[in-house]
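# Structural description and commentary
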Amino acid sequence: MSSDASNEVMEARAPEARSARKRHALELFRGLPSRYDRLAAALSFGQDPRWRRALVRGVSPGGECALDVATGTGLVAAELLAQGACSVVAIDQSPEMLDAARARFARRSPSEGRHRAGRVPAVELIQAEAERLPFPDGSFDVLTFTYLLRYVDDPRATMRELARVLRPGGRIGSLEFGIPSRAAARAAWRAYTALGLPALARLASPQWGEVGRFLGPSISAFYERHPVERLAAYWRDAGLQDVRVRRMSLGGGILMFARRAAAGSPAAARANGRQADAGDA
């Protein structure tokens, strides 16, 4: 890896090979990167940047190699570098998002994130998909992913693939939108996602308006199929241990953290058995 942000395309499938869900996600976010950071912060009332910082603090990067999946415009990748990762590989399936991430790192001051040895930490940008990561087993010490599982066809299988590239004992964390559990907060969330968010987003652009209309139903439908308890089971099935769930902003954001089981542990053996069964199917 070089110290300059690079852009490589690895195993990205042709558009016609992608599912309808993934094609819709790519199209939905195609025109958003130029103002994505500011508008995401504004439409979440400043909570999105706060959640991302908490995500990175939760995996405690320190002089290690990190993978940021669904990096988007590179916000979490930049935070990983700022909080001490020695190098970051950041992937996304959207070339437009990666272009915005590349521009972000091109603007970085050489003094930003400089380690004590005086070396500027490296970031590598790769176009790839979370379901088929182009890395060997156990490649990374730390792994983060953001707003990912709503856009994949099989969250359980995706978790197994994410865990595969994490070294035994490595840390993993995720950020996703949530639905508040308390009645009053849940009613306010439903009103905002049904009415306020689409209206405010539409002021930014018609495409942002489409995203605003999409998010509320998308989040609700996702948790109907995959409640948080089931998501935690997917993590454990993938060989991840010590799964923790942290709800932020009255439950509007959900962070999850775990570590990969050590080689030879019962959890790792169960995960390896499930992966072998899946391969034989």
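This part covers the overall build of the protein. A count of helical and extended segments in the protein gives 10 helices and eight strands. Relative to its 281 residues, the protein shows a buried fraction of 52%. Accessible area of the protein: about 12500 Å², with a carbon and sulfur share of 54%.

Bringing the packing of aromatic side chains into the picture now. Per the counting criterion, the structure on display carries eight aromatic pairs. Aromatic pair F135 and F140: ring centres 5.1 Å apart, planes at 90 degrees, arrangement edge-to-face. Accessibility classification places F135 together with F140 in one group, the buried group. One aromatic cluster in this structure is built from W51, Y147 and F177.

Most of strand β4 (residues 122–127) sits out of view: six of its six residues are buried. The side-chain alternation of β4 yields two buried faces, one formed by A122, E124 and I126 and the other by V123, L125 and Q127.

Below, the discussion takes up the side chain of R52. Along the polypeptide, R52 turns up in helix α3 (residues 47–59). For R52, a relative accessible area of 7% gives the class buried. In contact with R52, not counting residues within four places along its chain, are Y36, L75, V76, T146, Y147 and L175.

Here we take up the pairing of strand β8 (residues 253–260). The side chains of a regular strand alternate between the sheet's two faces. Burial analysis of β8 places seven of its eight residues in the buried class, the great majority of the element. By the bridge criterion, seven bridges tie strand β6 (residues 166–177) to β8 in an arrangement that is antiparallel. Within the sheet, the bridge partner assigned to I172 lies in β8 and is A258. The pairing of strand β7 (residues 240–248) with β8 spans seven bridges and is classified as antiparallel.

Within this structure, the stated rule accounts for 12 salt bridges. With a shortest N-O distance of 2.7 Å, R102 and D99 are connected by a salt bridge. With R102 and D99 both in helix α5 (residues 95–106), this residue pair falls three residues apart, about one helical turn. Among the residues examined, R102 registers a relative accessible area of 24% and is labelled partly exposed. Look at the salt bridges and you will find they share partners, linking E64, D141, R167 and R171 into a network.

Here we come to the environment of Y151. Relative to the assigned elements, Y151 resides in the loop between β5 (140–146) and α6 (155–164). According to the relative accessible area criterion, Y151 is buried, its value standing at 11%. Separated by 128 residues in the primary sequence, Y151 and R23 have C-alpha atoms spaced 9.5 Å apart. Y151 has contacts with R21, K22, A25, F29, F214 and L215, leaving out every residue within four places of it along the chain. Polar side-chain contacts of Y151 include one of 3.3 Å to the side chain of R150.

So, how was this worked out
- Residue numbers restart at each chain and count upward from 1, following the sequence in its written direction.
- Reporting in this predicted model follows two pLDDT cut-offs: at least 70 for local features of residues, and 80 or more for side-chain atom pairs to be given and counted; totals over whole chains, interfaces and linings ignore these cut-offs and use all residues.
- Calculated side-chain values reflect all of the structure's heavy atoms, with hydrogen atoms and water omitted.
- By the criteria applied, helices consist of DSSP H or I runs no shorter than four residues and strands consist of E runs no shorter than two, each listed in order from the N terminus.
- Working definition: with a 1.4 Å probe on protein chains only, accessible area under 20% of the residue-type maximum means buried, over 50% means exposed, and in between means partly exposed.
- To measure how exposed things are, a 1.4 Å probe is used in the Shrake-Rupley method; for residues, cover is taken only from the protein chains shown.
- Pairing of aromatic rings covers Phe, Tyr and Trp, the last counted by its six-membered ring, and requires centre-to-centre distances within 6.5 Å; plane angles under 30 degrees mean stacked, over 60 mean edge-to-face, and any other angle means tilted.
- The criterion used for residue contact is that any of the two residues' heavy atoms lie within 4.5 Å.
- Two strands are said to pair when DSSP picks up at least two bridges between them.
- Put simply, a salt bridge is a Lys or Arg side-chain nitrogen that is within 4 Å of an Asp or Glu carboxyl oxygen.
- The term polar contact refers here to a pair of N or O atoms within 3.5 Å; inside protein, the definition further demands a hydrogen-donor-capable atom paired with an acceptor-capable atom, and it admits residues adjacent in sequence only when both atoms are side-chain atoms.

These figures capture arrangement, not role.
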